Amino acid sequence: MEDVILKVQDICKYYPGVKALDGVSFEVKRGEVHAICGENGAGKSTFIKILTGAIEPTSGSIVFNGKTFDKLNPKQSMELGISVIYQEFSLVPYLTVAENIFYGREIKKGIFRDVAAMEEKARELCKEMGVDLDVHKRVCDLGVAYQQIVEILKAVSRNTEFIIMDEPTAPLTIKETEVFFKIIEKLKKEKVTIIFISHRLEEVFELCDRASVFCDGKYIVTKDVTELDKKQLIAYMVGRELSDDYPVPKREIGETILKAEGLTNKRVKNVSFEIKKGEILGFGGLVGAGRTELVRALYGADPIQSGEITFKGKKYQPKNPRTGLNAGIGLIPEDRKAQGVVLSLPIRENIVYSILKKVSQFFFVNKKTEKDCVDGYIQDLNIKTPSAEQLVKNLSGGNQQKVVLAKAMATNCEILIFDEPTRGIDVGAKQEIYGLMCKLVEAGKSVIMISSEMPELLGMSDRILVMSNGMIAGELDRSEYSQARVLELASSQL
């Protein structure tokens, strides 16, 4: 009989009007990398929270290492040896890398923390995992990718035998993902069991031994990955076949709508480019190349020290985000929870947050206008929710992203900036967002897209600008597209 480390039996979790999990039963073998696949809202995050004790199941049981539990609390879960790397970080921003790795179990000399010992252990761990990281740095001074690597190191340092990884590579580019893959291989050799959740299905086939599929809160099937191909897996997840092709907008690219010359600030150095009406302009590059900082400067979220911008034939000086929105530039930020939505407010208030004047009369909100607007975006973007009054914090990650999109689209901007638009988004929702981009440019809007997913960057962009070290390293049109060329430019030192 094969060694089973985890067995869940008829796990259910019900909320008012929602069956987050409905009779889920399956097994995880000791030492395997076991993928859990499903669209946003399928129940994956709820399942993780039950295993880690963050929430209690409505019914069912959990068998871990032969012991049966009706429910777990966070302390029990940790004592059992269950660690988790969440899609959203759980780090302390103003502590160092070493302090975060050993947070809650600090090494002490007497009654005082032994900082030197923690830093030495952290350096050893980085070296062991092949990670080049300054353990003295505060986490808030690191980029998103390196914050995720700290999360991974934090989990690995506990010598745990069971790790749950929720979208661990979502913020990572190819270079950082290779480091992560090496960490996974090391853990596999040490017989650590891993539950792996990723919307990048190629990672499921490369890393995982078996895959279990959830759909609408129900368990569907478990298969060896050798018995599946990508189309079959997607069909289990969404109940239909999806095309691997990227949609092609039916439009003609028009005249230049925005031109930037010599833009410079703390992270961007003498950047010049233009975007045309009806164009999808892609930005490639490694984490830290300056892509996000550039578009934040265009939007008015970051200051510009020098340079000029012409927008719709007029000089444009973005002083703050309100300037950007009023001019007709909208931003869908990379970090949706921190910068894109107000989690404690309902969907309705988030969508109309930037257009209150448009839905108001005499300083009062016109409820019918507001309802028509909000209901229209919920329907058009297929936001899965019981109602417009659902708090955004209770939505899945993909549906939170759709609320961010709705909020930006409601402003009717001429240029929409998508910063990592499909990070943490399932395959079905990705197709919807690609289709949305096409509709925008077909309607004469322009799209700037930053993406670290190479197929997406190559598949959706009309042109690609590759950044390196805060500068434009090169421009590619479709006839020049190749993954190798983008990586070559991204790795150049200007």
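See the structure printed just above.
Residues numbered from 1 in each chain as written. Predicted model: local features only at pLDDT ≥ 70, side-chain atom pairs only at ≥ 80, totals over all residues. Heavy atoms only, no water.

J.: Help me understand the sheet that holds strand S9 (residues 162-166) in this model?
T.: Sheet strands pair by backbone hydrogen bonding; their relative direction is either parallel or antiparallel. Reading across from one edge, S6-S9-S10-S3-S11-S12 is the order of the six strands in this open sheet, with mixed pairing throughout. Two strands close off the open sheet at either side, each with one partner strand: strand S6 (82-85) and strand S12 (218-224). Each adjacent strand pair in this sheet contributes to an overall mean axis angle of 20 degrees, direction not counted. The sheet contacts of helix H8 (residues 230-238) involve strand S3 (33-37), strand S11 (210-215) and S12, and relative to S11 the element is tilted by about 30 degrees. (Pairing = 2+ DSSP bridges. Helix = DSSP H or I, 4+ residues; strand = E, 2+ residues; numbered from the N terminus. Axes fitted to C-alpha atoms, helices over the stretch in contact; angles between N-to-C directions. Contact = heavy atoms within 4.5 Å.)

J.: What should I look at first to understand the pattern of salt bridges in this one?
T.: Where charged atoms of side chains with opposite charge meet at close range, the side chains can pair. What the rule picks out here adds up to 30 salt bridges. Note that Lys186 is salt-bridged to Glu190, the shortest N-O span being 2.4 Å. Given the relative accessible area of 45%, Glu190 is considered partly exposed. (Salt bridge = Lys/Arg side-chain N within 4 Å of Asp/Glu carboxyl O. Buried < 20%, exposed > 50% of the residue type's maximum accessible area, 1.4 Å probe, protein only.)

J.: What exactly am I supposed to notice about the environment of Gln317 here?
T.: Position of Gln317 relative to the elements: it lies in the loop between strand S17 (314-315) and helix H10 (321-327). Between the alpha carbons of Gln317 and Val295 there is a distance of 14 Å; along the sequence they are 22 residues apart.

J.: Looking at this structure, I do not really get the packing of aromatic side chains. What am I missing?
T.: The relative placement of two aromatic rings is captured by the distance of their centres and the angle of their planes. Counted by the stated rule, this structure contains eight aromatic pairs. Arranged with centres 5.9 Å apart and planes meeting at 75 degrees, the rings of Phe26 and Phe214 form a pair that is edge-to-face. With a gap of 188 residues between them, Phe26 in strand S2 (residues 18-29) and Phe214 in strand S11 connect regions that are remote in the sequence. On the basis of relative accessibility, which here comes to 6%, the residue Phe26 falls in the buried class. (Phe/Tyr/Trp six-rings, centres within 6.5 Å; stacked < 30°, edge-to-face > 60°.)

J.: What is the right way to look at the sheet that holds strand S13 (residues 256-264) in this model?
T.: Reading across from one edge, S14-S13-S16-S17 is the order of the four strands in this open sheet, with antiparallel pairing throughout. Taken across any chain shown, the strands that pair with only one partner, and hence form the sheet edges, are strand S14 (271-276) and S17. Looking at chain direction, S13 and S14 are connected through five bridges and run antiparallel. What sits directly across from Lys259, in S14, is Glu274.

J.: How should I be thinking about H8 in this particular structure?
T.: Every α-helix winds through 3.6 residues per turn, so residues three or four apart in the chain are directed the same way. Along H8, the residues classified as buried are Leu233, Ile234, Met237 and Val238. Down the axis of H8, the sector holding all buried residues measures 115 degrees, keeping them to one side. Considering only its buried residues, H8 is in contact with S3, helix H7 (201-207), S11 and helix H15 (427-442). Put simply, Asp229 is the residue that caps the front of H8, since its side-chain oxygen is 3.2 Å from the backbone nitrogen of Lys231. (Arc of directions from axis to C-beta. Polar contact = N/O pair within 3.5 Å; in protein donor to acceptor, adjacent residues only side chain to side chain.)

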